[in-house]
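Inside the fold
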Amino acid sequence: MAEQTHVLFVEDDDVIREATQLALERDGFAVTAMPDGLSGLEAFRADRPDIALLDVMVPGLDGVSLCRRIRDESTVPVIMLSARADSIDVVLGLEAGADDYVTKPFDGAVLVARIRAVLRRFGHAGGGRAGADSAEADGGVLTFGDLEVDTEGMEVLRAGRPVALTPTEMRLLLEFSSAPGTVLSRDKLLERVWDYGWGGDTRVVDVHVQRLRTKIGQDRIETVRGFGYKLKA
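Residue numbering note: each chain is counted from 1, following its sequence as written. Per-residue local features are limited, in this predicted model, to residues with pLDDT of at least 70; the limit for side-chain atom pairs, both in listing and counting, is 80 or more; totals at the level of whole chains, interfaces and linings are taken over all residues. Water and hydrogen atoms play no part in the side-chain values, which are based on all heavy atoms of the structure.

On to the side chain of Asp150, then. Inspection of the secondary structure assignment puts Asp150 in strand 8 (residues 147-150). Only protein chains enter the calculation, and the probe is 1.4 Å; a residue is then buried if its accessible area is under 20% of its type maximum, exposed if over 50%, and partly exposed in between. Neither His nor the chain termini are counted; the positive set is Lys and Arg, and the negative set is Asp and Glu. Salt bridges, as used here, are contacts in which a Lys or Arg side-chain nitrogen is within 4 Å of a carboxyl oxygen on Asp or Glu. The side chain of Asp150 is buried and forms no salt bridge, while Arg171, the nearest opposite charge, is found at 15 Å. Should any heavy atoms of two residues lie within 4.5 Å, those residues are considered in contact. The residues touching Asp150, leaving out its near neighbours within four places in the chain, are Gly140, Val141, Glu155 and Met170. Secondary structure elements are defined from DSSP: runs of H or I of at least 4 residues count as helices, runs of E of at least 2 residues count as strands, and each element is numbered from the N terminus.

Written out as structure tokens, the structure reads:
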């Protein structure tokens, strides 16, 4: 029997926590459910789950702060849960290192689909298409100025120094480096990196691009207003 995927679920609403836990368990997930951020952090450190679902508004240690603490220690995928689609909390969660978010109230099937999409991405971190024509390639290493992208070893160097990327950031960089100089729309990046076969919130793309820029250089990824982004060769 295949090993179950372990989900850490942090939610302070008893009804939502219990109902969601049951729904996830029916779909074959092992779930550790916690009512607040501090107990969620303890459970994360003790159990090392495969994915974390964090409600933004939980007591003790809020979801955004918990996400930051998790990201300081691990690249495990994180999905934030927010009651308001337009809330600044969504952007704060993504900036803290979350890979995706789901707004409440949510359908159980939709949540499961989003979890599985994130897990597919993390299980295939090398899913980008390497081999760009205008980049200098050497054994799977693409070079863009002082930036080196090892598409086989999944490593990035900037000016000879390692750059720590989350799996989502790595997939995003692989998409850009597979076609330097080519404009990639936000919708295309949502489809290729986030596995969305339908329109999603492009804020996810914008925040991850900004996070990637801080690590590989602000001028390395260019914004093409009205169209999307491109990697400067």
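pLDDT: the predictor's confidence for each residue, scored from 0 to 100. Here the protein chain shows a mean pLDDT of 86. Residues at 70 or above account for 89%. Confidence drops under a pLDDT of 50 for residues 124-137, and excluding neighbours within four residues, the segment shows 31 contacts in the predicted structure.

Right, let's talk about the pairing of strand 9 (residues 155-158) for a bit. Across a regular strand the side chains alternate sides, sitting on one face of the sheet and then on the other. DSSP bridges decide pairing: two strands pair if at least two such bridges lie between them. As judged from the four bridges shared by strand 8 and strand 9, these two strands associate in the antiparallel manner. The residue of strand 9 that forms the bridge with Asp150 is Glu155. Counting the residues in the hairpin turn of strand 9 and strand 10 (residues 161-162) gives two residues, including Ala159, whose phi is positive at 55°.

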